[in-house]
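The lines below spell out each chain.
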Amino acid sequence: MSGQPAFGTARNGQTFFQWEEFERHFDDRIFFAVLAENAIAAPLARKAVALDRELGLQGWFVPENHIHISLVGLGDHDGFPKELVETACRIGSMIVAKPFEVSFDRLSAFGGGSLVLRGGSGSNPALQEFWRKLTALISDSPLKCFLTKSIEPHVTLLRDEARVPKIRERTIDPVNWLVRDFVLIHSLIGKGVYDECGRWQLTGQDDSLAGM
């Protein structure tokens with residue numbers, strides 16, 4: 001049993017004893033993503049700073065080398081989940097897809113006070129197909145129970161829990177790039193550390209058959 005003992009007095013004057021559960025804090029987050037290449041990440045980092053000033057925010061900026069398209073989360077964990085990561089890497093190696101273009105043309109508030117880039121309705125069909133394929137493979141694997149709520153792929157620029165939720169969605173000049181690979185990330189929550197657990201090139205062929 002985790003927690004600490006606590007005593008109290010009920011309305012009838014009788015003393016009671018109970019255990020209060022500690023609030024659990026997790027340090028390790030695992031997720032699939034597309035990391036933005038340097039040529040894209042640098043201008044996005046500058047855009048985040050400009051938007052922060054323009055919108056009167058006091059944001060925490062996503063580090064330039066961490067800017068990414070969020071794909072699928074595999075939960076927060078107390079310690080590095082080795083077996084989960086090994087299974088996730090096997091799933092990543094099963095994905096067969098060609099490189100594809102993405103375009104983000106909307107600025108939106110998102111959960112947790114995040115300011116994000118999104119695609120408009122019906123945009124990014126190749127990204128949507130890739131996302132659905134990855135989600136389906138995870139849903140049909142032992143990792144199904146770790147699959148966090150599936151969300152639309154997006155790019156987070158900064159976070160400001162107090163001010164960002166008040167921002168109305170608007171269109172922006174499109175941000176486009178060619179996605180050539182995707183990664184599995186181990187994030188140390190609150191420490192600004194991203195470790196790549198796996199990276200897979202989008203070659204359009206099954207690499208397991210390439211040498212046959």
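These remarks concern the structure in this document.

Conventions adopted
- Residues numbered from 1 in each chain as written.
- Predicted model: local features only at pLDDT ≥ 70, side-chain atom pairs only at ≥ 80, totals over all residues.
- Heavy atoms only, no water.
- Salt bridge = Lys/Arg side-chain N within 4 Å of Asp/Glu carboxyl O.
- Helix = DSSP H or I, 4+ residues; strand = E, 2+ residues; numbered from the N terminus.
- Buried < 20%, exposed > 50% of the residue type's maximum accessible area, 1.4 Å probe, protein only.
- Core = buried A, V, L, I, M, F, W, Y, C linked by side-chain atoms within 4.5 Å.
- Contact = heavy atoms within 4.5 Å.

### So, the pattern of salt bridges
Working step 1: Taken as a whole and assessed by the stated rule, the structure comprises 9 salt bridges.
Working step 2: Measuring nitrogen to oxygen at the nearest pair gives 2.5 Å for the salt bridge that ties Glu169 to Arg118. Residue Glu169 is located in the loop between strand E8 (154-159) and strand E9 (170-179), and its partner Arg118 is located in strand E7 (residues 114-118); the two are separated by 51 residues in the primary sequence.
Working step 3: On the basis of relative accessibility, which here comes to 40%, the residue Glu169 falls in the partly exposed class.
Working step 4: Looking at Arg118, the relative accessible area reads 17%, which means it is buried.
Working step 5: A salt bridge links Asp181 to Arg199; its shortest N-O distance comes to 2.8 Å.

### Observations concerning the nonpolar core
Working step 1: Counting 49 residues, the largest nonpolar core has Phe32, Ile69, Leu71 and Trp177 as its most contacted members.
Working step 2: Per element, the largest residue contribution to this core is 6 residues, and it comes from helix H1 (residues 38-54).
Working step 3: Leave out the neighbours within four places in its chain, and Ile69 touches Ala33, Val34, Val102, Phe104, Leu127, Pro153, His154, Val155, Trp177 and Val179.
Working step 4: One finds Phe31, Ala33, Val183 and Ile185 within the second-largest nonpolar core, a separate group that totals 5 residues.

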